Every structure is written in structure tokens, then in C-alpha cells.
Amino acid sequence: MDQPSGRSFMQVLCEKYSPENFPYRRGPGMGVHVPATPQGSPMKDRLNLPSVLVLNSCGITCAGDEKEIAAFCAHVSELDLSDNRLEDWHERATLFILLLYSSLRSPAEPLVSKIVSNVPQLEFLNLSSNPLNLSVLERTCAGSFSGVRKLVLNNSKASWETVHTILQELPDLEELFLCLNDYETVSCPSICCPSLKLLHITDNNLQDWTEIRKLGVMFPSLDTLVLANNHVNAIDEPDDSLARLFPNLRSISLHKAGLRSWEDIDKLNSFPKLEEVRLLGIPLLQPYTTEERRKLVIARLPSVSKLNGSVVTDGEREDSERFFIRYFVDVPQEEVPFR
């Protein structure tokens with residue numbers, strides 16, 4: 001189905017959250033009644049606005065009336081604008097600055113020149129499937145996102161330059177989603193982002209470990225790294241270097257990576273805090289049965305407590321290690337794994 005013709009954020013907001021379409025429900029977090037706007041507003045008598053606004057696939061191209069946005073959206077904490085037509089960073093920044101201000105400055109004062117240094121309300125922002133590559137993001141505009149803790153830029157084709165600009169202005173960013181952006185390389189910024197804990201960068205084309213290691217430099221506090229569907233061909237890094245690059249990594253997904261060597265699996269033991277691993281669909285494990293795959297991997301990763309989403313019990317680990325010993329009992333000594 002085709003998207004509707006270009007509309008403003010406020011127009012879509014009024015339509016979706018009017019009393020007829022979004023009845024008010026009492027209770028914590030359910031929403032707030034907002035009084036009617038000035039004469040001439042397209043709004044109904046009242047809007048029932050929750051703190052979480054979902055306005056995806058609505059054909060939004062611009063912000064709309066600035067005073068109405070400031071009056072109606074000061075309480076918003078989560079905003080989903082995925083799959084719209086937001087092509088211009090100036091327009092987007094104006095929209096988000098208005099969302100984050102509880103009152104407007106002088107109308108003559110350029111909004112995008114003001115950097116929001118502390119934004120406690122808007123914490124989650126989804127801009128997926130908007131063509132973010134069609135304009136340049138200036139740091140003054142990026143400042144409008146400064147309070148965001150979770151940012152989703154999937155399928156936006158955002159350049160690394162744009163990502164770097166955003167990271168400089170988001171001191172509290174904890175989760176970042178960069179999937180489906182056609183990345184073949186990783187570009188390191190001049191400064192790192194120590195606040196980031198979770199990175200989803202699936203379904204790109206990052207095959208060389210020399211690119212993946214840059215993520216450790218960029219995000220030294222990384223707890224969860226999701227690399228699924230990137231066809232990473234090897235973990236080509238000394239053990240001590242892996243420990244320095246990813247000292248806090250607790251979970252990694254290498255689903256459908258291109259790993260073909262057991263040495264790559266053994267390398268995972270070099271991450272000092274690793275507890276959870278996903279390794280489905282890698283070439284190395286294709287010749288083995290389902291039982292063999294799981295037991296051989298568990299035996300090689302003594303510190304991992306969850307594999308492919310399933311908890312590794314003490315009994316399963318003991319069974320896997322016994323299986324591992326029997327599996328290699330008749331193998332020539334030079335082919336027996338160190339483990």
C-alpha cells in the first residue's frame with residue numbers, strides 16, 4: 001500500500017490521538033488529557049496523548065506548528081517515527097527540539113542553533129527507514145537528541161559521519177541500532193562513546209575482523225554486541241588484544257557469520273566477561289548433527305552460561321565435556337584441541 005501524501009507531525013498526531021481514535025484510559029502511564037489548542041488549530045477539543053507516541057508509516061515530511069508541538073509533547077518519553085519521509089535534518093532537529101522544550105523561546109530565535117544539553121523526557125527515538133543519507137547533520141542539530149538513551153537508525157543509510165556527529169551530542173546513549181545500513185567498513189570517531197552498552201549492527205556487510213575490532217575502540221563499555229548476518233569470516237586477533245578491546249562484553253551474536261575454524265570459537269574465551277553466545281548458521285558447524293554442534297561448542301566455552309538463547313545447565317555442561325573427550329579419543333594427538 002502506498003504511503004499517504006506528505007503530512008506534518010502535528011497533523012498525524014491530531015488524527016491518531018483524537019478522542020475518537022484513541023479513547024482516554026485512566027491509570028499510571030496511560031496518557032494525559034491536553035486542553036484544546038489556539039483558535040484555528042486542526043485539533044479536536046482534547047487529545048489523549050500517552051508518553052509513548054507511535055507514528056510510523058504515516059507519510060510525515062515536516063514538523064508542523066511549533067507552538068502546538070511544544071504545548072502537546074513536553075511529556076513524551078518515547079517516539080517512533082520509523083518509515084516516514086523525514087529527509088532534512090534541519091526539519092527533524094526542529095521537531096525534536098520542540099518535543100524536548102516545555103516552552104518556546106522567542107519565535108525569532110533560530111531553534112536549530114540551540115543545543116539541548118539536558119533532556120530528561122525523550123529517551124527513546126526510532127528513525128528507522130527514513131532517508132537520513134540525503135542531508136548533512138550539523139552538530140547544532142544533533143544536540144536536539146542529547147537526552148536520548150536508545151536510538152534506532154535501522155535501514156536509514158546513515159553515514160558514519162552522521163553517526164559520529166550524533167554520538168558526540170548523546171552523552172547518555174546506552175543502546176544503538178544500526179542494522180541494514182549497507183556498511184562494509186567501520187569508521188572510528190576521534191573520541192569514544194563510553195556510555196554505550198548495547199549495539200545492534202546486523203544485516204550489514206562487515207566481513208573483516210579489522211572492522212569489527214574498531215567497535216571495541218568506539219564503545220569500550222559495550223555489554224552486548226549483535227553482529228548477526230554480517231558474514232564475519234574470522235576472529236583474527238591476539239587473545240590479550242581481544243580482552244583489552246572488549247573488557248565488558250557479556251553477550252555476542254555471530255549468527256550466520258562466516259566462521260570456519262574451531263580456533264575462532266576458542267577465541268571467544270578471550271573475552272573476560274562473556275556469558276552468552278549465539279552461533280547458529282555458521283559454516284564450521286554445518287557437518288555436525290544438532291547434538292554434536294551444541295555439545296562441542298559448550299565444551300569449548302567453559303564460561304558461557306547461555307548458548308543460542310538456551311541456558312547451559314550444570315548437567316548439560318558435564319555431559320558436553322564427557323562427549324567432547326570421547327569425541328577426540330581416537331584422534332591423532334596433533335589434532336586434539338588444546339581444550
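Conventions we followed
Residues numbered from 1 in each chain as written. Predicted model: local features only at pLDDT ≥ 70, side-chain atom pairs only at ≥ 80, totals over all residues. Heavy atoms only, no water. UniProt positions renumbered as here; feature names shortened; annotations may be inferred. Helix = DSSP H or I, 4+ residues; strand = E, 2+ residues; numbered from the N terminus. Contact = heavy atoms within 4.5 Å. Areas by Shrake-Rupley, 256 points an atom, 1.4 Å probe, with all protein chains shown as cover. Buried < 20%, exposed > 50% of the residue type's maximum accessible area, 1.4 Å probe, protein only. 1 Å grid on protein atoms, 1.4 Å probe; cavity = no way out; pocket = protein on both sides within 12 Å on 5 of 7 lines; lining within 4 Å. Points joined across faces, edges and corners; volume = space filled by probe spheres on them. Nonpolar A, V, L, I, M, F, W, Y, C, P; charged D, E, K, R; others polar. Salt bridge = Lys/Arg side-chain N within 4 Å of Asp/Glu carboxyl O. Phe/Tyr/Trp six-rings, centres within 6.5 Å; stacked < 30°, edge-to-face > 60°. pLDDT = per-residue confidence, 0-100. Pairing = 2+ DSSP bridges. Core = buried A, V, L, I, M, F, W, Y, C linked by side-chain atoms within 4.5 Å.

In the nomenclature of an unreviewed UniProt entry, the protein chain is known as Tubulin-specific chaperone cofactor E-like protein isoform X1 of Neophocaena asiaeorientalis asiaeorientalis. A UniProt comment under Subcellular location (unreviewed entry) is attached to the protein chain, and it reads "Cytoplasm".

Caption draft 1: Up close: the overall build of the protein chain. Across its full length, the protein chain carries 10 helices and 15 strands. Put simply, of all contacts in the protein chain between residues at least 6 apart along the chain, 73% involve residues at least 24 apart. When the accessible surface of the protein chain is totalled, it reaches about 16300 Å², and 49% of it is carbon and sulfur.

Caption draft 2: Unusual backbone geometry, seen in detail. Its identity is not glycine, yet Ser 129 carries a phi of approximately 55°, on the positive side. By the element assignment, Ser 129 lies in the loop between β7 (124-126) and α4 (139-142). Using a relative accessible area of 27% as the deciding quantity, one classes Ser 129 as partly exposed.

Caption draft 3: Focus on the layout of surface pockets. As a volume, the largest pocket reaches approximately 210 Å³. The wall of the largest pocket is formed by Leu 279, Leu 280, Gly 281, Ile 282, Leu 285, Gln 286, Thr 290, Arg 293, Arg 294, Val 297, Leu 307 and Asn 308. With four residues, the top contributor of residues to the lining of the largest pocket is helix α9 (residues 290-300). Within the lining of the largest pocket, the residues separate by chemical class into six nonpolar, four polar and two charged.

Caption draft 4: How the structure looks around the pattern of salt bridges. Applying the stated criterion across every chain yields a total of 14 salt bridges. A salt bridge links Lys 267 to Asp 239, with the nearest nitrogen and oxygen atoms 3.3 Å apart. In this pair, Lys 267 is assigned in helix α8 (residues 262-267) and Asp 239 in helix α7 (residues 239-245), connecting sequence segments 28 residues apart. Of the charged contacts in the structure, one is a salt bridge between Arg 322 and Glu 318, with a shortest N-O distance of 3.0 Å. Remark: Glu 318 and Arg 322 occur in helix α10 (residues 314-327); sequence separation between them is four residues, near one turn of the helix. Judged by its relative accessible area of 49%, Arg 322 is partly exposed.

Caption draft 5: Spatial organisation of the packing of aromatic side chains. Under the counting rule described, the total for this entry stands at six aromatic pairs. Where Tyr 288 meets Tyr 327, the ring centres are 6.4 Å apart and the plane angle is 50°; that geometry is what we call tilted. Of the two residues, Tyr 288 is situated in the loop between β13 (276-278) and α9 and Tyr 327 in helix α10; the sequence distance between them amounts to 39 residues. By relative accessible area, Tyr 327 is classed as partly exposed at 32%.

Caption draft 6: Layout of the environment of Leu 176. With respect to the helices, strands and loops of the structure, Leu 176 is situated in strand β9 (residues 175-177). Apart from residues no more than four positions distant in its own chain, Leu 176 is found in contact with Leu 151, Val 163, Leu 167, Leu 196, Leu 198, Leu 199, His 200 and Phe 219.

Caption draft 7: Local environment of helix α5 (residues 160-169). For α5, the tally of buried residues reaches eight of 10 residues, placing the bulk of the element in the interior. All of the buried residues along α5 are Trp 160, Thr 162, Val 163, His 164, Thr 165, Ile 166, Leu 167 and Glu 169.

Caption draft 8: Seen up close, the confidence of the model for the protein chain. Here the protein chain averages 81 in pLDDT, while 76% of its residues score no lower than 70. Contacts from residues 24-45, a stretch scored under 50 in pLDDT, to residues over four places away or in other chains number 38 contacts. Across residues 101-120, confidence stays below pLDDT 50; counting only partners more than four residues off in sequence or on other chains, it has 37 contacts.

Caption draft 9: A look at the sheet that holds strand β11 (residues 224-226). With mixed pairing, the 11 strands of this open sheet are ordered in space as β4-β6-β7-β8-β9-β10-β11-β12-β13-β14-β15. Two strands close off the open sheet at either side, each with one partner strand: β4 (52-54) and β15 (310-311). In this sheet, strand β6 (residues 78-80) lies alongside β4 in parallel orientation, the contact comprising three bridges. In the strand pairing of β6, Val 54 is matched with Asp 80.

Caption draft 10: Looking closely at the nonpolar core. In this structure, Phe 9, Leu 176, Leu 199, Ile 201, Leu 215, Phe 219 and Leu 225 are the most contacted members of the largest nonpolar core, which totals 85 residues. Counting residues per element, the ones that place at least two in this core are α1 (9-16), α2 (66-72), α5, α6 (209-218), α7, α8, α9 and α10. Per element, the largest residue contribution to this core is five residues, and it comes from α1. Beyond its immediate sequence surroundings of up to four residues, Leu 215 is in contact with Val 186, Leu 199, Ile 201, Leu 225, Leu 227 and Phe 246.

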